[in-house]
Amino acid sequence: MKLIRFGAVGEEKPGVQLDNGTKIDVSAFGSDYNEDFFGNDGIEKLDKWLEANQDSCPEIDDSVRLGVPLTRPSKIVCVGLNYAQHAAEAGMEVPKEPVLFFKSTTALVGPNDDVIIPKGSTKSDWEVELSIVIGKKASYVEEADAFDHIAGYVLHNDVSERAFQIERSGQWCKGKGCDTFAPVGPFIATKDEIKDPNNLNLWLKLNGEVMQNSSTSDFIFNVQEVVSHISQFMTLLPGDIISTGTPFGVGLGLNPPVYLKEGDVMELGIEGLGVSKQNVKAYK
């Protein structure tokens, strides 16, 4: 199943994208895609509800905006330097265990919403990433049980301001949590739709030019390792997002570096998780 949310900012409703690409409104199901939904077998209940009610669900026109495909989660946990070639281009040592940081939930925007270069930014950058959506409360989870705690997967552009992230005092969150720096979607694919999340092609284009093109098979720490590791340090709640890192090809790693400017267009995608597109605008 592919879960979407649609409508104007702040007024999004739950929907489903069918296998043929048609999008339908499932508001009548009675639940948004939130912690309660994911934590109480909402996916299974919605699937059963659709068996009887799908034909009566209104269709959603393709012109309607897609929002973040879940309500604001309790947290977004990110893994840094999780591809060996990206660590090399960043000039950083391959980590011995996952590098963790948080991304502000206020950075979340829909998959095709604008990305705003923040006030004072000089080095805003792109990062295509596979994100995990937690489906069951996870604390001290063993790797062998990690998939039992996953609801699905979603495309994420982990937009990053490198000067804020690296050159300013403190932790990486300064460069990661700016408004609009987490475009997510177009949909959450439930885990049954993704046979092997550790072997998916992912790519990003800037103004039509391919900048990133890799595979999650290049993970340093795979999906189950990441879920298990994070759960040793904090409880993951249903609906929480884990972003698993980006492959090589970011602007920071180019010679000379290239950073986002007003008028740029980012297009990105992951095998089985659709495509998103963001226009870049300057802070006004």
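Treat the numbers as computed from the prediction; the structure is a model and nothing was measured.

A. View of the overall build of the chain. When its secondary structure is counted, the chain shows 6 helices and 19 strands. Against the globule reference of 19 Å for 284 residues, the chain gives a C-alpha radius of gyration of 18 Å, in line with a compact fold. With the principal axes as the frame, the chain shows a C-alpha extent of 55 × 45 × 30 Å. Taken over 284 residues, the chain has a buried fraction of 55%. Put simply, 75% of the contacts in the chain that link residues at least 6 apart link residues at least 24 apart. Roughly 12,400 Å² of accessible area belongs to the chain as shown, and the carbon and sulfur atoms make up 47% of that amount. Measuring between centres, the 26 positive side-chain charges of the chain sit 6 Å from its 42 negative side-chain charges.

B. Quick peek at a negative patch on the surface. The grouping of D41, E44, D47, E51 and D192 at the surface amounts to a negative patch. The topology assignment puts E44 in helix α2 (residues 42-53).

C. Quick peek at the environment of N34. With respect to the element layout, N34 can be found in the loop between β3 (23-25) and α1 (35-39). The exposure class assigned to N34 is partly exposed, which follows from its relative accessible area of 24%. Each C-alpha atom of the pair N34 and S74 lies 9.9 Å from the other, and the pair is 40 residues apart in sequence.

D. Representation of empty space enclosed by the protein within the structure. The tally for this structure, following the rule as stated, stands at 1 cavity of 30 Å³ or more. In this model, the largest cavity occupies a volume close to 130 Å³. Contributing to the lining of the largest cavity are 18 residues, with L81, H86, E127, Q165 and W172 lying nearest its centre. Only β5 (76-80) and α4 (162-167) provide two or more residues apiece to the lining of the largest cavity. Ranked by residue count, the leading element in the lining of the largest cavity is α4, at 3 residues. Considering only residue class, the lining of the largest cavity consists of 8 nonpolar, 5 polar and 5 charged.

E. View of the state of the cysteines. Tallying each qualifying case throughout the model produces 0 disulfides. Looking at the unpaired C178, the closest cysteine sulfur is the one in C173, lying at 10 Å.

F. Region of interest: unusual backbone geometry. Cis peptide bonds are those with omega within 30 degrees of zero, and the linkage from N255 to P256 qualifies with 0°. With a phi close to 60°, D41 is a non-glycine residue in the positive phi region. Topologically, D41 is positioned in the loop between α1 and α2. With relative accessibility at 48%, the residue D41 sits in the partly exposed group.

G. Highlighting the sheet that holds strand β15 (residues 201-206). Pairing is mixed in the open sheet, where 5 strands are placed in the order β8-β19-β18-β15-β16. The open sheet has two free edges, formed respectively by β8 (115-117) and β16 (209-215), since each of these has just one partner strand. Pairs of neighbouring strands in the sheet enclose a mean axial angle of 20°, with direction left out of account. Summarising the sheet, β8 and strand β19 (residues 275-282) pair through 3 bridges and their orientation is parallel. Bridge assignment links I117 to a residue of β19, and that residue is A282.

H. Spotlight on the pairing of β5. Across the 5 residues of β5, 5 count as buried, placing the element largely inside the fold. Of the two faces of β5, the one holding I76, C78 and G80 and the one holding V77 and V79 are both buried throughout. Summarising the sheet, β5 and strand β6 (residues 99-103) pair through 5 bridges and their orientation is antiparallel. Across the sheet, residue V79 finds its bridge partner in β6, namely L100. Pairing between β5 and strand β17 (residues 241-243): 3 bridges, direction parallel. Within β17, the residue paired with I76 across the bridge is I241.

Reading the values: rules and limits
- Throughout, residues of each chain are indexed from 1 in the direction in which the sequence is written.
- Confidence filtering applies because this is a predicted model: local features only for residues at pLDDT of at least 70, side-chain atom pairs given and counted only at 80 or more, and all residues used for totals across whole chains, interfaces and linings.
- Calculation of side-chain values draws on the structure's entire complement of heavy atoms; hydrogens and water are dropped beforehand.
- Working definition: helices are DSSP H or I runs of at least four residues, strands are E runs of at least two. Numbering for both runs from the N terminus.
- Computation of the radius of gyration draws on C-alpha atoms, with the globule rule given as 2.2 Å multiplied by the number of residues to the power 0.38.
- Residue exposure (1.4 Å probe, protein chains only): buried if accessible area is under 20% of the type maximum, exposed if over 50%, otherwise partly exposed.
- Contacts are residue-level and defined by heavy atoms, with any inter-residue pair within 4.5 Å sufficient.
- Values of accessible area rely on a 1.4 Å probe in the Shrake-Rupley scheme; residue burial ignores everything except the protein chains shown.
- Charge assignment: positive for Lys and Arg, negative for Asp and Glu; neither His nor the chain ends contribute.
- Note on charges: their place is set at NZ of Lys, CZ of Arg, CG of Asp or CD of Glu.
- Here the term patch refers to residues with relative accessible area over 30% and no salt bridge, with like charges joined within 9 Å and nonpolar side chains (Val, Leu, Ile, Met, Phe, Trp, Tyr) within 5 Å.
- The term salt bridge refers to a side-chain nitrogen of Lys or Arg lying within 4 Å of a carboxyl oxygen of Asp or Glu.
- Buried and open spaces are told apart on a 1 Å grid over the protein atoms alone, a cavity being a set of points where a 1.4 Å probe fits but cannot get out and a pocket being an open set with protein on both sides within 12 Å along at least five of seven lines. Residues with an atom within 4 Å of a point are the lining residues.
- Grid points are joined across faces, edges and corners, and a volume is the space filled by probe spheres set on the points.
- Lys, Arg, Asp and Glu make up the charged group, whereas Ala, Val, Leu, Ile, Met, Phe, Trp, Tyr, Cys and Pro make up the nonpolar group; the residues left over, Gly among them, are polar.
- Disulfide: a pair of cysteine sulfur atoms within 2.5 Å of each other.
- By definition, two strands form a pair when at least two bridges between them are found by DSSP.
- Fitting a line to C-alpha atoms yields each axis, with helices limited to the stretch in contact; the angle taken between N-to-C directions then spans 0 to 180 degrees.

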